[in-house]
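Chain by chain, the residues:
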Amino acid sequence: MKKYSKYILFFIAALTVSSCDDYLDITPVGKVIPETLPQFRAVLTTGYSVYPEHKAMSAIRADELTMNEFSDVVVNYRDIYLWNDINPDKITRSFPYQDLYTTIFYTNVIINEASKKLEDSSDKSQLLGEAYALRSMAYFDLINLFGKPYNPATAASDKGVPLALEIDLEQAFVPQSVEVIYNQIISDANEAEKLLNVETQPKGLNYRFSKLALYSFESRIYLYQQQWQKSLDAANKALAINSNVLNLNTSATFATKFDSAESILALEDGFINEIKGATYASPDLISAYSKTTDLRFPLYFLASGSRFRIQKGGNDNQKCTFRTSELYLTKAETSLKLNNIGNAKTIVLSFIKNRYTATGYAQLEASVNAMNETDLTNFILAERQREFAVEGHRWFDLRRTTQKSITHNFNGENHQLIQNDPRYTILYPANARLNNPNL
């Protein structure tokens, strides 16, 4: 009865989510525990649908945005912008600690229950593979928001986040180390790789994990872990399935669109409308581009007086979690880390040829070919900044690389995040700490 009660609680929560309304059409009245493949698929669909759109909030903390001080919603994000995590205003938006665990809860239902209840089939394997992959990604986001950046020398002792792998509402959620969480992320990804049998998802269903999406995710995991060869290998596996890159010389459209040739996993909106309307592109971000030769500049930005509005994101057709551009820049970065500077130059040049005018590319080709290792590293990271503006990469990239000093001005007063500032790791939200004394 105790276990049954937990499932009742689970489905009360599930039915409050609009995307799970269809579940009512396939479940007999009074039945609350999923038994069939369509029912378990409905559960996982809810897990996907509640995945939080937190990337725009991390952009506020980074060097990509300036706040519009006259916006009606600025009070919701001001303390995030000023890195005031200790005593924020009560209406400040919280980073999605609980929401990520909600997704994990749904994946646990699939992993722990569907695995036992469903007969073996390719559809069951795909469902389980997606659940492992989605749980892995949720923990990846949790550890990179609320845990210290991965450092091989200290990961075993650095504080991470709690593990919740079972459906047990009474368990004590005690934070594990960064190393333990990354081990779980990799373990789940490995299980997903054994089970996934769909190579690519069709447009419209490409919010779901496929083999292509998993390989792309693995490349990102290993990049953050500084396992350069594994990251490169995973990127190559993904590119063997989809190597398309939009050429902005011939098609001036967003590569972030779910139906773009670059699209791999279209789950998250990197830049939600509320934040889009409350911010401008920062001077740091604008200065990263050549306004005359970088084809992304007129696509990404729109002049608004002396400042620039950001045109990316804020639209359901621009949901983007993984796309092929990331794979190319990861290949370039990892090749360089593996002391293959020639290959790194070839890869980065093949990519930026699609992002600059012919004149701009000719200038950069000569410049890149003359770069030493340090200069090329900086160029690749700058290309990531330019390519993935407000897509959620920048804060994580700063955490894993330079943790540079950032200055934000608000109401004429400067506020600073110093280099290697402890605030590069976000505090657990106050309500989470209140509800769980173990945090």
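Just above sits the structure.
Here we summarise the structure given alongside this text. (Residues numbered from 1 in each chain as written. Predicted model: local features only at pLDDT ≥ 70, side-chain atom pairs only at ≥ 80, totals over all residues. Heavy atoms only, no water.)

**Overview of helix α16 (residues 358–369)**
- If you check α16, its first and last C-alpha atoms are 16 Å apart, about what 12 residues at 1.5 Å a residue would give, namely 16 Å.
- Restricting attention to buried positions, one finds in α16 the residues Gly360, Tyr361, Leu364 and Val368. Take α16 and look down its axis: the buried residues cluster within an arc of 90°, on one side only. Of the residues in α16, the exposed ones pointing more than 90 degrees away from the buried face are Ala358, Thr359, Gln363 and Ala366.
- Those residues of α16 hidden inside the fold are in contact with α15 (341–352) and α17 (373–387). (Helix = DSSP H or I, 4+ residues; strand = E, 2+ residues; numbered from the N terminus. Expected span 1.5 Å × (residues − 1). Buried < 20%, exposed > 50% of the residue type's maximum accessible area, 1.4 Å probe, protein only. Arc of directions from axis to C-beta. Contact = heavy atoms within 4.5 Å.)

**A short note on the nonpolar core**
- Residues Tyr139, Phe209, Phe301 and Val348 are the most contacted members of the largest nonpolar core, which totals 129 residues.
- The dominant element in this core, judged by the number of residues it contributes, is helix α7 (residues 122–146), at 14 residues.
- For Phe301, the contacting residues outside a window of four places in its chain are Ala281, Leu285, Ile286, Tyr289, Phe308, Arg309, Ile310 and Gln311. (Core = buried A, V, L, I, M, F, W, Y, C linked by side-chain atoms within 4.5 Å.)

**What about the packing of α15 against α16?**
- For the pair α15 and α16, interaxial distance at closest approach is 11 Å and the crossing angle is 170°. Comparing the axis directions of α15 and α16 gives the class roughly antiparallel. Facing α15, whose interface residues are Lys345, Val348, Leu349 and Ile352, α16 presents Tyr361, Leu364, Glu365, Val368 and Asn369.
- Classifying every residue of the contact of α15 with α16 gives 6 nonpolar, 1 polar and 2 charged. (Axes fitted to C-alpha atoms, helices over the stretch in contact; angles between N-to-C directions. Parallel < 35°, antiparallel > 145°, perpendicular 65-115°, else oblique. Nonpolar A, V, L, I, M, F, W, Y, C, P; charged D, E, K, R; others polar.)

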